[in-house]
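# Residue-level structure breakdown
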Amino acid sequence: MTDHTISPYCAALDALRAAPAHKLKEVGDQWRTPDPLWWGINSLYGPFVLDLFADASNAKCEAFFSAEDNALTQDWSARLSELHGAGYANPPYSRPSQHDGQYITGMRHIIAHTMAMRALGGRYVFLIKAATGEVWWPEDADHIAFIRGRISFDLPVWYRPAENEPSESSAGFGAAIAVFDKSWRGPKFDYVSRDELEARGRAFMRQIDLAAVRLQEQATPAAPAAPAAPAAPAAPAAENNVWSEEVKLVADHIDHIYELPPDHHRKVMQLINKLLLERQPSGVITIMAQSLTKNFLEFPNA
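Starting afresh in each chain, residues are numbered from 1 along the sequence in its written order. pLDDT decides what is reported in this predicted model: residues at 70 or higher carry local features, side-chain atom pairs at 80 or more are listed and counted, and totals for whole chains, interfaces and linings draw on all residues regardless. Side-chain measures were taken over the full set of non-hydrogen atoms in the model, leaving aside hydrogen atoms and water.

## A look at empty space enclosed by the protein
Points on a 1 Å grid over protein atoms alone make up a cavity when a 1.4 Å probe fits among them but cannot get out, and a pocket when they form an open set with protein on both sides within 12 Å along at least five of seven lines; lining residues each have an atom within 4 Å of a point. Grid points are joined across faces, edges and corners, and a volume is the space filled by probe spheres set on the points. With the rule as written, the count across this model stands at two cavities of 30 Å³ or more. Space inside the largest cavity adds up to approximately 320 Å³. Lining of the largest cavity is provided by 25 residues; of these, Asp29, Phe53, Ala54, Asn90 and Pro92 occupy positions nearest its centre. Elements with a minimum of two residues in the lining of the largest cavity: α1 (8-18) and β5 (102-105). Numbering of helices and strands runs from the N terminus, with a helix taken as a DSSP run of H or I at least four residues long and a strand as a DSSP run of E at least two residues long. At three residues, the largest contribution of residues to the lining of the largest cavity is made by α1.

## So, the packing of aromatic side chains
Given two aromatic rings, their pairing is described by the distance between the two centres and the angle made by the two planes. For this analysis, a ring pair means two rings from Phe, Tyr or Trp (six-membered ring only for Trp) whose centres lie within 6.5 Å, classed as stacked if their planes differ by under 30 degrees, edge-to-face if by over 60, and tilted for the remaining angles. The tally for this structure, following the rule as stated, stands at 14 aromatic pairs. Measuring from ring centre to ring centre gives 6.2 Å for Tyr45 and Trp184, while their planes differ by 35 degrees; the resulting arrangement is tilted. Residue Tyr45 is found in helix α2 (residues 35-45), and its partner Trp184 is found in the loop between β8 (175-180) and β9 (189-193); the two are separated by 139 residues along the sequence. Between Tyr93 and Trp136, the aromatic rings sit 5.9 Å apart at their centres with planes inclined by 50 degrees, giving tilted as the arrangement. You can see Tyr93 sitting in the loop between β3 (86-89) and β4 (97-99) and its partner Trp136 sitting in the loop between β6 (124-129) and β7 (143-148), a full 43 residues away along the chain. Residue classification places Tyr93 among the partly exposed positions, given a relative accessible area of 26%. When the NZ atom of lysine or the CZ atom of arginine is within 6 Å of a ring's centre and also within 35 degrees of its normal, the charge is said to sit over that ring. The ring of Tyr93 carries Lys129 above its face, with NZ or CZ at 4.7 Å from the centroid. The cationic tip of Lys129 hangs over the ring face of Phe173; the distance from NZ or CZ to the ring centre is 5.7 Å. Here the term buried applies to any residue with accessible area under 20% of the maximum for its type, exposed to any over 50%, and partly exposed to those in between, with areas from a 1.4 Å probe on protein chains only.

## Quick notes on the pairing of β7
For β7, a buried count of five out of six residues is recorded, marking the element as mostly surrounded by other parts of the structure. Judged from the four bridges that link them, β7 and β8 form a sheet pairing that is antiparallel. When the bridges of β8 are listed, Ile144 appears paired with Ala178. When DSSP locates at least two bridges between a pair of strands, those strands are taken to pair.

## Focus on the environment of Pro187
Within the fold, Pro187 resides in the loop between β8 and β9. Linking Pro187 and Ile144, residues 43 residues apart in sequence, is a C-alpha distance of 8.5 Å. In this view, Pro187 contacts Asp142 and His143; residues no more than four positions away in its chain are not counted. In this analysis, two residues are considered to be in contact whenever any of their non-hydrogen atoms come within 4.5 Å of each other.

## Notes on the layout of surface pockets
A volume near 890 Å³ is recorded for the largest pocket. If you go around the largest pocket, you meet 28 residues; those closest to its centre are Cys61, Glu62, Ile287, Gln290 and Ser291. Elements supplying a minimum of two residues to the lining of the largest pocket: α2, β1 (48-51), α3 (76-83), α5 (194-219) and α8 (282-298). Looking at the lining of the largest pocket, the element that brings in the most residues is α8, giving seven residues. Under the scheme applied here, ten amino acids are nonpolar (Ala, Val, Leu, Ile, Met, Phe, Trp, Tyr, Cys and Pro), four are charged (Asp, Glu, Lys and Arg), and all others, including Gly, are polar. Looking at the lining of the largest pocket, its residues break down into 15 nonpolar, seven polar and six charged.

Now the structure itself:
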């Protein structure tokens, strides 16, 4: 935003979130992408590092643009250059609205801004309705993958159903994945199974959960051992600071990795090397290495 005034769109959204009860039709453009589906899309087109239309309660990435930020006034390309990844959007479908002469919503304006960002560089991946008859349909996208199977979305965390209103949605609709990336070299059109996307997503989530458990175990101090007789000093562990170009390429996409002390930096590099040897997906390697780096920064004595 260019000033500190709140837009009518944001004010109405704040009032909706604070309401004591809601009707399903009031959810509007606040539906959330289900995690298994999101991770599945991420595995194919990511790694996603920026949620283009989100808020603190539903953002899929640590970095995101909220309605208050107004994504249509932001330089997505510059932000992705800092974050080293791709942008994701489950865009709002509400009617076009403006604040201080700048559009906040409206799919035609969202697609226009997306094409401008594409020209500057970066990858932007949208999960959208397969509404080919709409005027905003992105015919100029570099890749469209139509999803076989109807998609149901999750309700926002603030949704409190009014009397006789459902607590979840069973409605679904046809959807597609649109990729905006001028460096794209794949097919223009494709099909992908919803079930396959969700299966891939759940596999990623299981691996991440396992990694989180291991990281937590590493961060938990061990119980003090009983005093032992003095022993001869142990020989220093062999230090491996020579890494393949593939390992270094992954490391270059990990935030703050080069701020770590040498021993912690080496452990992250060893993890990357191990995962590459196991032929883990690049998205998983990035996520796990970033998590370990963050853990070392928060718990430097771990």
